[in-house]
Amino acid sequence: MRKKQAQILVVDDQEEILFSAKMILKKHFETIFTTNSPKKIISLLSENEINVVLLDMNYRIGFEDGREGIHWLKEIKTLSPNTIVILMTAFGKIETAVEGIKIGAFDYVLKPWHNEKLLEIIEKAVVESRKNNKKATVEEGKNEKKYFVGTSAKIKQAYAIAEKVARTDANVLILGENGTGKYVFAEHIHQHSERKNQPFVHVDLGSLSDNLFESELFGYAKGAFTDAKIDTPGRFENASNGTIFLDEIGNIPLHLQAKLLHVLQTKTVTRLGESKPRPLNVRVIAATNSDIKTEVKNKTFREDLLYRINTMEINLPALRERKDDIVPMANFILEKIAEKYNHGPETSGWRFEENVNSYLEKYPWKGNVREMENKIERALILAENNTISVLDLDILDFEEIQENDENQLSEMEKGAIEKALFKHSGNISKTAEELGLSRAALYRRIEKYDLKN
């Protein structure tokens, strides 16, 4: 009999149960893990692709209410949502097992079990596990189309951490320069969490004035101030059961940091004009481009607030630190922007000129991915013949590019100016406008390249 490709974990504090289950299951399934301690579940799930967990509901003598089983069921569904859980219980404890099914267990078996019944339930669970994995693969495919991940070590490390922390409710602090994709990263964490079907609320703290801070974040009661016509929830309440993304948290003034800290510590929010706090169930992701630890040392950011928001800290690399990802990312962005304007690369052949790649890699990208998106979008709008050149991209920054490239760049620039002058019959204003130069700058280049005639 051929064994089914599946990994089964059996968790029970009785060694005879573990031995019996393994003897039965190993004849039918490829890999069987057993443990007598539920505390080992986390490491086993992290290190292996477990399809099904057969989970006992009681582990301590004198505690037979099944609450430990319910606790570990919740842990498994948080850590590994696609893993199927079957509960094991005695006949008199069926009620608790039914409760477990309501919160995510696939089924339950009674101890002592009938071998045929046990195998039947586990085989069904394996089939369900495969369905879950197929759904997950489809979702990952969708996310891959939406986001560009890349292959550089630093970004892969960041995504690996994100996907681990996404399964928990831990607060996350994302650090990185402007334009490195902190918003995209926060949304990625939310979409890979148990809260993915709940709200994702983005708050740009850098754009909130001091006098709007409390009303925007915490809400207000009718009559709390002149224009408060109706009771209005704040952003925290709008994110109920979901995720709130506090962008540019380093910009909050000290006197307002204390108010935010109180909300995070108490997990409650009090609207302006009210005295009764409202309970919150919200996952917090924060981000900043500032050196937050230096701000703590300089007493401009509260140390206790930093500890509250960075249970897990993730650093996003600058684009210049991801050299291998620059060209693939540029092609990904070009495809997305072409689709936006309804002429995608697959139908109309949008592409970069052959010599563009080396300049993409050498350009400093001080604005990171955001700058790349802006330049490619502008280039696509201005370019002719569905082909984008270095000149279209406006990445000929002579001060930033190495000296040994200057001659080649000069020839390229000279050719572009000659082409534009010819196109506009020598009209300086139109030529300068097309090249993105001032008239004075164009005259200097005409003088430099001796293009007066």
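Higher on the page you've got the structure.
Residues numbered from 1 in each chain as written. Predicted model: local features only at pLDDT ≥ 70, side-chain atom pairs only at ≥ 80, totals over all residues. Heavy atoms only, no water.

Moving on, we get to the sheet that holds strand β7 (residues 200–204). Spatially, β7-β10-β13-β6-β14 is the arrangement adopted by the five strands of the open sheet, whose pairing is parallel. In the strand order of this sheet, the two ends are held by β7 and β14 (312–315), each with one partner. On average, each strand axis in the sheet is tilted by 20° relative to the strand beside it, whichever way the strands run. Across four bridges, the pairing between strand β6 (residues 172–175) and strand β13 (residues 283–288) is parallel. Looking at the pairing, Leu173 lines up with Ala286 of β13. Along the sheet face, helix α6 (residues 153–166) touches β6, β13 and β14 and points at about 155° away from the line of β14. (Pairing = 2+ DSSP bridges. Helix = DSSP H or I, 4+ residues; strand = E, 2+ residues; numbered from the N terminus. Axes fitted to C-alpha atoms, helices over the stretch in contact; angles between N-to-C directions. Contact = heavy atoms within 4.5 Å.)

Residues Val172 and Ile174 of β6 are buried on one face, and the alternating residues Leu173 and Leu175, pointing to the opposite face, are buried as well. Taken together, the four bridges between β6 and β14 define a ladder with parallel strand orientation. Directly across from Ile174, in β14, lies its bridge partner Ile314. (Buried < 20%, exposed > 50% of the residue type's maximum accessible area, 1.4 Å probe, protein only.)

So, about helix α4 (residues 94–102). Those residues of α4 that fall on the buried side of the exposure criterion are Thr96, Ala97 and Gly100. Along α4, the residues classed as buried sweep out an arc of 100° about the axis, all on the same side. Exposed side chains of α4 directed beyond 90 degrees from the buried face belong to Glu95 and Lys102. Tucked inside the fold, the buried residues of α4 contact α3 (67–79), β4 (84–90) and β5 (107–111). (Arc of directions from axis to C-beta.)

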